[in-house]
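Observations on the model geometry
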Amino acid sequence: MLSLRTIARSAPRVARGLANTAIKTTRPTLLQTAFPSSRLQCASAFSTSSIRAKSAAPESDAELAEKIASEIQMEDELKDQEEIPTSVKDYLENGPFKVIDTPGQEEVVLTRSFGDEKIRVSFSIADLNAYDPDSDEFQDQAMADEEDLDQATNGKDLESENPSDAEGEAQGFPARINIIVEKKNKGALAIETVAEDGMIVVDNVYYYADAAHAYAKTTEAAHQRQDMYVGPPYGNLDEDLQVLFERYLDERGINQALAIFVPDYIDMKEQKEYLRWLNNVKGFIEA
């Protein structure tokens, strides 16, 4: 059933359609020819309906701005109720990295010096927006290992016995962390990792003789390094070698503390960026 608001909005369009049909299908009589003022009346009716149609746009703008304002108010209330996560606060105060967070940008960059090395760590809030715990990928992964299923079942039993403990735990999400370790005139290592469940998991380790290739973001630079041999699949490496790479990263601050910090910081930044987006869109609509 159409609402009164919908009917009211559609009325001017219907009236205009009927007026146009009458103009097109009705032949002028002698009286209409003798008195051209009737044409002015038709033109006046057409003009009025056009004005009414145009007035619908500002009304929708006002409704949209009002709805956005309510969303902003709700986000502000939630922000006032929530505190900065302990993991984020502690890491910002005691972590070895300098955090570079540019408002309006998805990527967050951490930098530090370690001996003669320059280390750059980056991650993006896009991982949170792309995360879907109900997707087939995560469902298949959860069903692939019977041992994991048994552990999950035992975990559910423990949660039912201690519901208060279960409520205090938040489900995390995998966050990609890209690391570049550069030495002057010696090239750079580019290491792709994932932070999940408080662990740093290494996916790939690449070496570039020219450090510029590790930072490359342009199409031309990416094309230049496309044919380079930068390393074997990480999973093919000897297990002891993989363990030593993990220790190498741990000594440089790529550790459990970072693995806990990154997802929490992504969640916090995404909320800030969403609120900034709401305010920007509201300002644009009302301008």
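Everything in this summary refers to the structure shown in the same document. (Residues numbered from 1 in each chain as written. Predicted model: local features only at pLDDT ≥ 70, side-chain atom pairs only at ≥ 80, totals over all residues. Heavy atoms only, no water.)

Examining the environment of Ala195
Tracing the chain through its elements places Ala195 in strand E5 (residues 187–196). Its relative accessible area of 0% is what places Ala195 among the buried residues. Sequence-wise, Ala195 and Phe261 are 66 residues apart; in three dimensions their C-alpha atoms are separated by 9.3 Å. (Helix = DSSP H or I, 4+ residues; strand = E, 2+ residues; numbered from the N terminus. Buried < 20%, exposed > 50% of the residue type's maximum accessible area, 1.4 Å probe, protein only.)

What to know about the pattern of salt bridges
Side chains that carry opposite charge are capable of pairing whenever their charged atoms lie near each other. Per the stated rule, a full pass over the model turns up 10 salt bridges. With a closest N to O distance of 3.5 Å, Glu107 and Arg120 form a salt bridge. Placement of the pair is Glu107 in strand E2 (residues 107–114) and Arg120 in strand E3 (residues 117–124), with a sequence separation of 13 residues. A relative accessible area of 31% places Glu107 in the partly exposed class. Its salt-bridge partner being Arg252, residue Glu117 comes within 2.8 Å of it at the nearest N-O pair. Within this pair, whereas Glu117 is found in strand E3, its partner Arg252 is found in the loop between helix H11 (239–251) and helix H12 (256–286), the two being separated by 135 residues in sequence. Comparing Glu117 with Arg252 shows no difference in burial state: the two are buried. The structure contains a network of salt bridges with shared partners spanning Asp101, Lys269, Glu273 and Arg276. (Salt bridge = Lys/Arg side-chain N within 4 Å of Asp/Glu carboxyl O.)

What about H11?
The end-to-end C-alpha separation of H11 is 19 Å, in line with the 18 Å expected for 13 residues at 1.5 Å each. Taking the backbone nitrogen of Asp240 as reference, a side-chain oxygen 2.9 Å away marks Asp238 as the first, capping residue of H11. Of the residues flanking the end of H11, it is Gly253, one or two places downstream, whose phi is positive at about 90°. (Expected span 1.5 Å × (residues − 1). Polar contact = N/O pair within 3.5 Å; in protein donor to acceptor, adjacent residues only side chain to side chain.)

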